[in-house]
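# Secondary and tertiary structure notes
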Amino acid sequence: MGSKILLKSNYAVEAKYDAYFTGQHVQVTSDGEAVLCECGDGVGVVSLRTGKVTGRIQCDEDQVTSLALAPDDSSLVVALKSTSLRQYSWPGLDLDRSFRSYHRSPITAMSWDSTSTLLVTGSADSTARVWDLHKKYCTHSLKGATGVFSMAIFHPDLMEKARVYGAAGSNIYIWSLEAGSSSLDASLSDHHSAVTAIQLTHDRSKLVSCALDRVIILWDLQTFTSMKVVAVMESLSGLCLQPPGTVLPGASQGQDQSIFALVVGDKGIPSVWSVESGREVWRAAEPVVMPPDQEGVTLVNQLTHCPSLGSFVMTTYDHSILLARSSTVEIWKKLAGYNDQILDIAFVGERESHLVVATNSIQLRLYDCSSFNCQLLRGHSALVLALATHPAHPDVFASSSHDNTVLVWKVRPDGSADCIASAMGHTQSVGCLAFSQDFMVTGSRDTCIKKWTLGKNFKQEVTEGCIEKVQARSLSSTHTEKAHDKDINSICISVNGKLIATGSQDKTAKVWSSENLALVGTLHGHRRGVWAVQFSPVDEVLATASADATIRIWTLTDFANAATLEGHGVSVLRLQWVTQGHQLLSTASDGLVKLWNVRTRQCCQTYDEHDDKVWALTVSQDEAKMVTGGEDARLVVWTDVTEKERQQAQQEADRLAAEEQTLANLMQDKKWAKALKVAISLGQPFRALKVMKELLDETPEQLSQVVSKLQRDHLASLLNFMCVWNTKTKNSREAQSILKVLLTTWLPEELESLDGWRTSLEALLPYTERHFRRVSALCQSSTILTYMTGVFSLPVQSENTVGPPDMSRLDLLQTIPSSANKEREESEDEDLRDAVQDSIMEVDDDEDSEDEEDKGGESGDYMEKQERIEEEESSSDSEEDEGIEEGCSSSNDSDIIASKVIANASRDDLDGNYVHEKVVVSEGEEEAQVELLPEETSSKRKNDFSVDQLHTGSEKKRKSRAEGERMGNTKLKINEKGKGRGNKTVGNKKLQGGKAKKKKKMLSGKRSFKSKGSRNAQ
């Protein structure tokens, strides 16, 4: 069983190579470590050793027109298009001051004096100014010139001769500086075109100049006349005299007094001239830069000498920086300051030591991955579009171009590359190509694909090419097939070399047989053009990327869509398999790079380091590095940090486990101060919260001592922790406790000195106010208990009042009732409740005169029965009572009074809990009405009574109830529609009525109750 595959989890940026030089001039520091470059609205700082951008100055979208670094590397002055000047410190790049130059046009030339005190500026308004940057004022305004300044320099020794030399237009001007004034000494006007460079000789008595009029002139500074005019027969853009102690190529030894000048013309070929003799002594065999297709372009914009590097510094039209040895004028380093659009990238060379980049140019750029030194490869006559590397020979790669051709290159050990083969046959631009072991396939805009054989002796030729150059030969096409209806965007070959896949703008991808380019299958499903196709390195699947923002995985057995990866919002441009076919890398037109897990169809990571379309993507063979490039001219090198992050995570877990154990031991030993310090050092607020909870639960009095032992940086961290704790109610106790200690033990001045105190205080205030309101509401709610205990009080002890029994008495057990007396006591309690009801309830029955007349002689018997029934009324247990029920109570409605001796009850208290009513029964001709009315007067109320009296009366009532049971319970029945004499019943009273129909008001909703006090007792 194979080992488990470790999926990649993350890539990190190792280096970014942005555009750092888009202007014309650069300046190297005196130590030769960095170069400062004009770059649009800023200044780019590049390390000459690594080629990486180490710093950048942004100038608020104001174009940089010139820059000058002081000779002692103390200050950098930048001139902006708005005519203002900015002074920065070096190497910190901090802005020291910004001031107006008072020029009416942008500054085009600047230079310092040898003491790094004075600065001269030349402008397009034909004026120059001298500035004292230490005293911060303008010392001189130099006038009299005509034209745009191309150069302005000081005399090397101002104490010897205070002069300023400037070149404006086709003239050279010389000013003398005096205290508070300046004068124009001379105007040299023998040039007939724009002067590009001026330089003093080493003896400071002569001046050498060159211009676009193809001549070099030697000037005598004593007489201000020309001593020698040398025709070089080409427009010169730069001039540099032979440095002291250095012999230029072609210069004779021992002729230190002779004047030799290195010049570069419009042909881009360096040459050395003897100015005094007027002859050319040396000329390079090849130009330092290939000329573009269009004419009239200045190839070299600047030529200066850097003593610390012993090299000449040149800048070219394609924004490259060249460093050439002073003695041999050989280019030993080349930096590409601007790549324009990056269309494709590929690792090449042994151990992938180089990176070849196809930009929006006819030249290929071959970078050394260690130093990022750049070599330009010229071979195509139009823009290079695509690159491919040979699978078996990493030092062999091919390039396709707009010129309808394909070139095969071989990388040499010295970092250069030679063209070893070419393929021509397509009728339109070749946009994609792929290598196999012994053949190559190409796809073109002409909708055709071609198969090219590399030849039987290809391996031998490649090996011989490592020693000496081989003659480029032409490759032959063996098969040609019309593949699609529109442009072919991508092509690839399977690992075994048997299948070829193509993707086109016609929204389809097709699979072909590599043997004869026969169509094997067509993949339909994308809604827009297909930009990329890639075979899996291990499985029989094919991945395609489309402008419909999806990635589709297809099986090669039935050409079915097995999976669709969705996550990009725009066109997906490039694909690359990694991790043995388990993961995919993709780029899109919005600048995003994504890492996918194919099995789960999920995006693992998204990287955003580009600002525009990412056209180029390549991965090294060991998959340790990835390089991306796009339209933003940015080249980003990524490193796989999966294993590194896992090791760091394991180490961090081990460290946290050890510190957690240490923290647990300290908490076990109750060493709160040390435990809190460990928790704070971990940077985890909830570990510190755990310590604080233990501290406040066990020994809260030690809190002030623990806080006092913390250092100031620990206190600042603790404040931040408190802000987190205070957001939750359950953790507010710890935060408020620490805050109380701080506010009571520290002075305000000491608290303000803590880092982040003001910010922490602003975060604590709103939640603290919320906690205060919550606690205040809780305290206010808890006072109801105090109120209730004050309202309910125990009765005053009297002779008739029995208090709670003393449980310490042994004879108390004798008072506990036995089970045999349980029924008797319950009966007594029920009688007691009935007696209470009878004592507070009085029902008066009044009859109408018509009813008395109907009764006749039976009224006497009725009254006797009524009196007896009234006595039994309160204790009747009638199961069915359709009349009026008053004072009905249950055995569970009130507490049972157990003691036999009870204090007198208050009549007012009882009146407040019971309803006193009287019942009036009226009878009409057809119906009878029963109405309950409250008592009108209090004269009918019974006298004050005591519970003793009620208890005594209950015995009488029990006897009366026994007699009533013998006579039978009587009921009042009101016949609503009866005829003749009806029956009336109130409680257990039975009344004889007439023939009228009777109806109860209670049942008809006309009964009214008027209560005195609460009716809870009912």
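Predicted model only: the values in this text are computed from it and were never measured.

## Thoughts on the overall build of the protein chain
Along the protein chain, the regular secondary structure elements total 15 helices and 62 strands. Partitioning the intrachain contacts of the protein chain with sequence separation of at least 6 by distance along the chain shows that 49% fall at a separation of at least 24. For the protein chain, the accessible surface area stands at approximately 50,800 Å², while carbon and sulfur atoms represent 48% of it.

## Focus on the environment of Ser 123
Among the structural elements, Ser 123 can be located in strand β11 (residues 118-123). In this structure, the C-alpha to C-alpha distance between Ser 123 and Ala 168, residues 45 residues apart in sequence, is 9.1 Å. Each residue touching Ser 123, except ones within four places of it in the same chain, is listed here: His 103, Ser 105, Pro 106, Ile 107, Thr 108, Gly 147, Val 148 and Phe 149. One polar contact links the side chain of Ser 123 to the main-chain carbonyl oxygen of Ser 105, over a distance of 2.8 Å.

## Quick notes on the nonpolar core
Core analysis: the largest hydrophobic core is formed by 37 residues, its most contacted members being Leu 676, Leu 718, Met 722, Trp 725 and Leu 742. Of all elements in the fold, only α2 (642-668), α3 (672-681), α4 (685-698), α5 (703-708), α6 (712-725), α7 (732-745) and α9 (757-791) reach the threshold of two or more residues within this core. Beyond its immediate sequence surroundings of up to four residues, Leu 742 is in contact with Val 707, Leu 715, Leu 719, Met 722 and Leu 751.

## Looking at the packing of aromatic side chains
Inspection of every chain in the model, using the stated rule, returns 10 aromatic pairs. Seen in terms of ring centroids, Phe 397 and Trp 409 are 6.3 Å apart; in terms of plane orientation they differ by 10°. Their pairing is stacked. On the criterion of sequence distance, the pair formed by Phe 397 in strand β35 (residues 396-401) and Trp 409 in strand β36 (residues 405-411) is long-range, its members being 12 residues apart. Across the pair, exposure class does not vary: Phe 397 and Trp 409 are buried alike. Ring-pair connections join several aromatic residues into one group, and the members of that group are Tyr 11, Tyr 607 and Trp 638. In this structure, Arg 325 is placed above the aromatic ring of Trp 332, and the distance from its NZ or CZ to the ring centre is 4.4 Å. Stacked on the ring of Phe 439, the Lys or Arg Lys 451 has its end atom at 4.8 Å from the ring centre.

## A few points about the sheet that holds β36
Spatial ordering of the open sheet is given by β34-β35-β36-β37-β41, a layout of 5 strands whose pairing is mixed. The open sheet is flanked by β34 (384-389) and β41 (473-474), the only strands paired with a single partner. For β35 and β36, the ladder comprises 5 bridges, and the chain directions are antiparallel. Within the sheet, the bridge partner assigned to Val 396 lies in β36 and is Lys 410.

## Description of the sheet that holds strand β6 (residues 64-69)
Here we have 4 strands laid out as an open sheet, ordered β6-β7-β8-β9, and antiparallel in their pairing. Two strands bound the open sheet, and with one partner strand each, they are β6 and β9 (95-100). Strand after strand, the sheet turns through a mean of 20° between neighbouring axes, direction not considered.

## Some details on the packing of α4 against α7
A pair of packed helices is captured by two measures, namely the crossing angle of their axes and the spacing between those axes. Across the interface, α4 lies against α7 with an axial gap of 10 Å and an inter-helix angle of 75°. In terms of orientation, α4 lies roughly perpendicular with respect to α7. Contacts from Leu 689, Met 692, Lys 693, Leu 696 and Asp 697 of α4 reach α7 at Arg 733, Glu 734, Ser 737 and Ile 738. Tallied by class, the residues present in the contact of α4 with α7 amount to 4 nonpolar, 1 polar and 4 charged.

## Some details on a nonpolar patch on the surface
A grouping of Ile 784, Leu 785, Tyr 787, Met 788 and Val 791 is seen on the molecular surface, where their side chains present a nonpolar patch of about 520 Å² in accessible area. Within the fold, Tyr 787 resides in helix α9.

## Thoughts on the side chain of Gln 87
Position of Gln 87 among the secondary structure elements: in strand β8 (residues 84-89). For Gln 87, a relative accessible area of 8% gives the class buried. Leaving out residues up to four positions away in the same chain, Gln 87 has contacts with Ser 75, Leu 76, Val 77, Asp 94, Leu 95, Asp 96, Arg 97 and Leu 133.

## Concerning unusual backbone geometry
Look at the link from Trp 90 to Pro 91: it is a cis peptide, with omega at 5°. Along the chain, Pro 91 turns up in the loop between β8 and β9. Positive phi outside glycine occurs at Ser 116, with the angle close to 60°. Positioned with a positive phi, Ala 549 is a non-glycine residue whose angle comes to about 70°. With a relative accessible area of 12%, Ala 549 lands in the buried category.

## Some details on the pairing of strand β44 (residues 499-504)
Taking burial as the measure, the 6 residues of β44 include 5 buried ones, the bulk of the element. As judged from the 5 bridges shared by strand β43 (residues 488-493) and β44, these two strands associate in the antiparallel manner. Residue pairing in the sheet places Ile 493 in a bridge with Ile 500 of β44. Connecting β43 to the antiparallel partner β44 that follows it, the hairpin turn spans 5 residues, and Gly 497 within it adopts a positive phi of roughly 75°.

## Comments concerning the pattern of salt bridges
Pairing is possible between side chains that carry opposite charge, provided their charged atoms lie close to one another. What the rule picks out here adds up to 22 salt bridges. The salt bridge partner of Lys 8 is Glu 623, with a shortest N-O separation of 3.6 Å. Taken together, the residues span a long stretch of sequence, with Lys 8 in the segment before β1 (11-17) and Glu 623 in the loop between β55 (616-619) and β56 (625-629) at a distance of 615 residues. The pair Lys 8 / Glu 623 is uniform in exposure class, with both members buried. Among the ionic pairs, Arg 733 bridges to Glu 734, the shortest N-O distance being 2.9 Å.

## Let's talk about the environment of Leu 592
Along the chain, Leu 592 falls in strand β53 (residues 592-597). Separated by 23 residues in sequence, Leu 592 and Gly 569 place their C-alpha atoms 9.8 Å apart. Ignoring sequence-local partners within four residues, the contact set of Leu 592 consists of His 568, Ser 586, Thr 587, Thr 606, Tyr 607 and Asp 608.

Cut-offs used in this document
Residues numbered from 1 in each chain as written. Predicted model: local features only at pLDDT ≥ 70, side-chain atom pairs only at ≥ 80, totals over all residues. Heavy atoms only, no water. Helix = DSSP H or I, 4+ residues; strand = E, 2+ residues; numbered from the N terminus. Contact = heavy atoms within 4.5 Å. Areas by Shrake-Rupley, 256 points an atom, 1.4 Å probe, with all protein chains shown as cover. Polar contact = N/O pair within 3.5 Å; in protein donor to acceptor, adjacent residues only side chain to side chain. Core = buried A, V, L, I, M, F, W, Y, C linked by side-chain atoms within 4.5 Å. Buried < 20%, exposed > 50% of the residue type's maximum accessible area, 1.4 Å probe, protein only. Phe/Tyr/Trp six-rings, centres within 6.5 Å; stacked < 30°, edge-to-face > 60°. Lys NZ or Arg CZ within 6 Å of the ring centre and 35° of its normal. Pairing = 2+ DSSP bridges. Axes fitted to C-alpha atoms, helices over the stretch in contact; angles between N-to-C directions. Parallel < 35°, antiparallel > 145°, perpendicular 65-115°, else oblique. Nonpolar A, V, L, I, M, F, W, Y, C, P; charged D, E, K, R; others polar. Patch = residues over 30% accessible without salt bridge, like charges linked within 9 Å, V, L, I, M, F, W, Y side chains within 5 Å. Salt bridge = Lys/Arg side-chain N within 4 Å of Asp/Glu carboxyl O.

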